[in-house]
Amino acid sequence: MCWGSLAVVVEINLESMLAKVDFGDGILRDAIIGISEERVSRGDIVLVHAGVVISKLSVEGIMEQLRLLKDIFGEEARELYGLYANLLSLAESLKGRGDMG
């Protein structure tokens, strides 16, 4: 079992197979694209483990996770809800600008 963190792809460099990702804190970090690069585009929400993009997530899947977390933790997970909302908002705004990666 591994611990991965959600992030939004902000930029993609196919030559180096690196993506600049934002974990919701506004700081861009490099992540190795560990899945098929044609599957990753600007504004995608991905799962990053140990600096490697290991999966792409759907908005529907993330919303389901939020519902599950709310059912389990209630208001105790309020900070996590805010982080997810920031990630979803960033992803939506980047997708709205088109794929520039």
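Residues numbered from 1 in each chain as written. Predicted model: local features only at pLDDT ≥ 70, side-chain atom pairs only at ≥ 80, totals over all residues. Heavy atoms only, no water.

J.: When you look at the overall build of the protein in this model, what are you seeing that I'm missing?
T.: Each helix and strand in the protein was counted, giving 2 helices and 5 strands. The N-to-C order of helical and strand elements in the protein reads β-β-β-β-β-α-α. Taking 2.2 N^0.38 as the reference for a compact globule, 101 residues should give roughly 13 Å; the C-alpha atoms of the protein span a radius of gyration of 13 Å, in line with that estimate. By residue count, 31% of the 101 residues in the protein fall in the buried class. Taking as baseline every contact in the protein between residues at least 6 positions apart, the subset at least 24 positions apart corresponds to 46%. Approximately 6,300 Å² of the protein is accessible, and the part contributed by carbon and sulfur atoms is 56%. Measuring between centres, the 10 positive side-chain charges of the protein sit 3 Å from its 16 negative side-chain charges. (Helix = DSSP H or I, 4+ residues; strand = E, 2+ residues; numbered from the N terminus. Rg over C-alpha atoms; globule rule 2.2 N^0.38 Å. Buried < 20%, exposed > 50% of the residue type's maximum accessible area, 1.4 Å probe, protein only. Contact = heavy atoms within 4.5 Å. Areas by Shrake-Rupley, 256 points an atom, 1.4 Å probe, with all protein chains shown as cover. Lys, Arg positive; Asp, Glu negative; His and termini not counted. Charge placed at Lys NZ, Arg CZ, Asp CG, Glu CD.)

J.: I'm lost on helix H1 (residues 59–73) in this one. Help?
T.: A turn of α-helix holds 3.6 residues, and therefore any two residues three or four places apart point the same way. For H1, spanning 15 residues, the distance from its first C-alpha to its last is 21 Å, which sits close to the expected 21 Å at 1.5 Å a residue. Buried positions along H1 lie against strand E4 (45–49), strand E5 (52–57) and helix H2 (78–96). Two residues or fewer after H1 comes Gly 74, characterised by a positive phi angle close to 60°. (Expected span 1.5 Å × (residues − 1).)

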